[in-house]
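Observations on the three-dimensional arrangement
Okay, here's what each chain looks like letter by letter:
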Amino acid sequence: MGLFDKLKRAFSGPEQAEDEEKEKLEEQDKTQEQNEKEEAKEEAKEKEETPDLDSSNDKTQVDDKDTLKTQDQADQSVDDETQTKTKDETTKDQAKPETKEDLKEEVSTSDDETSDTKETKDPKETEEDRYDEGLKKSRQGFGAKINALLANFRHVDEDFFDDLEETLIESDVGFETAVKISDELQDEVKLRNAKSKSDVSDAIVEKLVDLYETEGQEEDNTLHFAKSGPTVFLFVGVNGVGKTTTIGKLAHKYQQEGKKVLLAACDTFRAGAIEQLDEWAQRVDVDIVKKPAQSDPAAVVFDAVKRAQAEDYDILLVDTAGRLQNKVNLMNELAKIKRVIKRELPDSPQEVLLALDATTGQNALTQAKQFKDVTEVSGIVLTKLDGTARGGIVLAIRNELHLPVKLVGLGEQMDDLRDFDAEKFVYGLFKDLVAQPAK
């Protein structure tokens, strides 16, 4: 099942389940009502078979008293049965929240009371909620552009596809991707005979999702770790994209998992870079290797690797300079750092992660292309994804650069740096654009 089919099913599935539960409840109510009617008939039949006490003139006063006593006992028995039945019905009514519909209401109520309980009960739902909230601006921005396009929709003609192309480019899915989708959709829409707005919208989203899925078939979004000895992650990226903050958050993540983490401050030329990383080290309670400003970055990483080996550190996170305006110097510096690491740890670094600021849109794509030329990048860290309406940049990164996104920043909190999940990203970005089935 493809990603788009899963996306559609994510909407239709719950509604179908609710309909099934409603049918079951209706059947239970009918059965209960039928049983009550049968019980009422049996009670009426028993009353008809009971002798008429008023017609027995031969009875004595004592017999009358005994009869009245017997009638009182019978009435009491009926009352007891009624109370028992009422109690059973009440118990059944209390058990009804076991249905999915009622359970959703209970979960919703408990969510309002405490979010901590929700995280403990259903971590998977919490992860989906993180993506849902983190992609809110992108989803609304992307959806607004598509809806604005469809608002003026009259016919599927050449003008429509020209407007679609512009809309996709404005949504930062990339020029090449926008042209490719527009061209392929012309045949697809005709093949489907799509005429309504919902059909055209579904066709657009399905083509985007299918292209994203196809381009990522051989993509590896996981982070790789050393089989033995310290794991080394080398971080690259221009200044101001959130590279140092990402290192701090990742250090916190691994430290919370019980790993021994070491930071290396190899951005020795930018003013305040060493102090910024040192502050993160203190904040998340991990160790750091640093030297005075203007020191040789290769000397810093050498000391860091030696310490990581000698003191059995699990993770070494290396911060580097991002002076992209001088590509030659940057390339030489990064190459020297990698040579030093490989000399001491031949299988390292396990990852070379490029930090990109999602709020910069196409500028981030340009940076990625330039860094890809400068060094061997193994994956992308997309920061500030929650603060932008340009989430379509993920599609462009995959379709045009063929680089896997491995980490995403979905918020400002310490634990809002998440492992990238392609399915949750697709759900979070496109779910409002998929036409929901009519009830």
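Each chain carries its own residue numbering, running from 1 in the direction its sequence is written. Totals for whole chains, interfaces and linings use all residues, but because this is a predicted model, local features are given only for residues with pLDDT of at least 70 and pairs of side-chain atoms are given and counted only at 80 or more. In computing side-chain properties, one takes all heavy atoms of the structure into account and sets aside hydrogens as well as water.

What follows covers the sheet that holds strand β8 (residues 417–419). DSSP calls a pair of strands paired once it identifies at least 2 bridges connecting them. In DSSP terms, a helix is any run of H or I states spanning at least four residues, a strand is any run of E spanning at least two, and both are numbered starting from the N terminus. Strand order in the open sheet formed by 8 strands is β3-β2-β4-β1-β5-β6-β7-β8, with mixed pairing between adjacent strands. The outermost strands of the open sheet, each flanked by one partner alone, are β3 (287–289) and β8. Averaged over all pairs of adjacent strands, the angle between their axes in this sheet comes to 25°, without regard to strand direction. Strand direction decides the pairing type here: strand β1 (residues 231–236) and strand β4 (residues 315–319), joined by 5 bridges, are parallel. What sits directly across from Phe 235, in β4, is Asp 319. Against the sheet, helix α11 (residues 273–284) makes contact with β2 (261–265), β3 and β4, and its axis sits at roughly 170° relative to β2, the strand it touches most. In what follows, a contact means two residues having at least one pair of non-hydrogen atoms within 4.5 Å. Between N-to-C directions, angles span 0 to 180 degrees; the directions come from axes that are lines fitted to C-alpha atoms, helices contributing only their stretch in contact. Docked against the sheet, helix α13 (residues 327–344) engages β1 and β5 (351–357), running at close to 180° with respect to β1.

Now for a negative patch on the surface. Any residue with relative accessible area above 30% and no salt bridge may belong to a patch, with like charges joined within 9 Å and the nonpolar Val, Leu, Ile, Met, Phe, Trp and Tyr side chains within 5 Å. Accessible surface is estimated by sampling points in the Shrake-Rupley manner with a 1.4 Å probe; for residues, cover comes only from the protein chains shown. When a carboxyl oxygen of Asp or Glu lies within 4 Å of a side-chain nitrogen of Lys or Arg, that pair is called a salt bridge. Two residue types count as positive, namely Lys and Arg, and two as negative, namely Asp and Glu; His and chain ends fall outside the count. In plain terms, the charge of a residue is placed at NZ if it is Lys, CZ if Arg, CG if Asp and CD if Glu. A cluster of acidic side chains, namely Asp 157, Glu 158, Asp 159, Asp 162, Asp 163, Glu 166 and Glu 170, defines a negative patch on the protein surface. Mapped onto the fold, Asp 157 is located in the loop between α6 (136–151) and α7 (158–170). The rule is simple: take the accessible area with a 1.4 Å probe, protein chains only, and divide by the maximum for that residue type; under 20% is buried, over 50% is exposed, in between is partly exposed. A relative accessible area of 33% places Asp 157 in the partly exposed class.

Let's shift gears to the pairing of strand β6 (residues 379–383). For β6, the tally of buried residues reaches 5 of 5 residues, placing the bulk of the element in the interior. The two faces of β6 match: Gly 379, Val 381 and Thr 383 on one face and Ile 380 and Leu 382 on the other face are all buried. Pairing of β5 with β6 involves 5 bridges; the strand directions are parallel. Within β6, the position partnered with Ala 355 by the bridge is Val 381. As judged from the 3 bridges shared by β6 and strand β7 (residues 405–409), these two strands associate in the parallel manner. Of the residues in β7, the one forming a bridge with Leu 382 is Val 408. With the strands pointing away from the viewer, any crossover whose connection runs clockwise from the first strand over the helix to the second is right-handed. Handedness of the crossover joining β6 and β7 through helix α15 (residues 393–401) is recorded here as right-handed.

Looking at the secondary structure, you find Glu 279 in helix α11. Along the primary structure Glu 279 and Gly 248 are separated by 31 residues, whereas in three dimensions their C-alpha atoms are 9.1 Å apart.

This paragraph deals with helix α10 (residues 243–256). Each helix should span, by expectation, one fewer than its residue count multiplied by 1.5 Å. When the terminal C-alpha atoms of α10 are compared, their 20 Å separation across 14 residues agrees well with the 20 Å that a helix rising 1.5 Å per residue should span. For α10, the tally of buried residues reaches 10 of 14 residues, placing the bulk of the element in the interior. Inspection of α10 places Lys 243, Thr 244, Thr 246, Ile 247, Gly 248, Lys 249, Leu 250, Ala 251, His 252 and Tyr 254 among the buried residues, and these make up the whole buried set.

Okay, the side chain of Ser 295 next. Mapped onto the elements of the fold, Ser 295 is located in the loop between β3 and α12 (297–310). Those residues in contact with Ser 295 that lie beyond four places of it in its chain are Thr 268 and Phe 269.

For this analysis, a ring pair means two rings from Phe, Tyr or Trp (six-membered ring only for Trp) whose centres lie within 6.5 Å, classed as stacked if their planes differ by under 30 degrees, edge-to-face if by over 60, and tilted for the remaining angles. Applying the stated criterion to the full structure yields 6 aromatic pairs. Aromatic pair Tyr 212 and Phe 425: ring centres 5.9 Å apart, planes at 45°, arrangement tilted. Of the two residues, Tyr 212 sits in helix α9 (residues 197–215) while Phe 425 sits in helix α16 (residues 422–430), which places them 213 residues apart along the sequence. Judged by relative accessible area, which is 1%, Tyr 212 ranks as buried. A residue is classified by how much of its surface remains accessible, and Phe 425, at 0% relative accessible area, is buried. Judged by centre distance (5.6 Å) and plane angle (50°), the rings of Phe 225 and Phe 233 are tilted. A network of ring pairs unites the aromatic residues Tyr 212, Phe 420 and Phe 425 as a single cluster.

Soluble globular proteins tend to bury their nonpolar side chains together. Here, the term nonpolar core denotes a set of buried Ala, Val, Leu, Ile, Met, Phe, Trp, Tyr and Cys residues that are joined through side-chain atoms within 4.5 Å. Grouped together as the largest cluster of nonpolar side chains are 80 residues, with contacts concentrated most on Leu 382, Ile 397, Phe 420, Phe 425 and Phe 430. With near-sequence residues (within four places) excluded, Phe 420 lies in contact with Tyr 131, Tyr 212, Asn 221, Val 394, Val 405, Lys 406, Leu 407, Val 408 and Phe 425. Formed by 23 residues, the second largest nonpolar core is a distinct cluster that contains Trp 280, Val 284, Ile 288 and Leu 417.

On to helix α8 (residues 175–192), then. Since the α-helix advances by 3.6 residues per turn, residues separated by three or four positions end up pointing in the same direction. Over its 18 residues, α8 runs 25 Å from end to end, which matches the ideal 26 Å to within 8%, given 1.5 Å per residue. Bending is quantified residue by residue as the angle between axes fitted to the seven-residue window ending at that residue and the seven-residue window starting at it. At Leu 185, α8 is bent by approximately 30°, the largest bend along its length. Within α8 the residues assigned to the buried category are Thr 177, Ala 178, Ile 181, Ser 182, Leu 185 and Val 189. Here the buried face of α8 lies against α7, α9 and α15. Downstream of α8 by a residue or two, Asn 193 has a phi angle that is positive, lying close to 60°.

Here we come to the confidence of the model for the chain. Taken residue by residue, the chain gives an average pLDDT of 76. The fraction at 70 or more is 72%. This stretch, residues 52–65, has a pLDDT under 50; its non-local contacts, to residues over four places away or in other chains, come to 3 contacts. Contacts of residues 85–123 to residues separated by more than four positions or lying in other chains number 22 contacts, the stretch itself having pLDDT below 50. Along the chain, pLDDT gives the predictor's confidence residue by residue, from 0 to 100.

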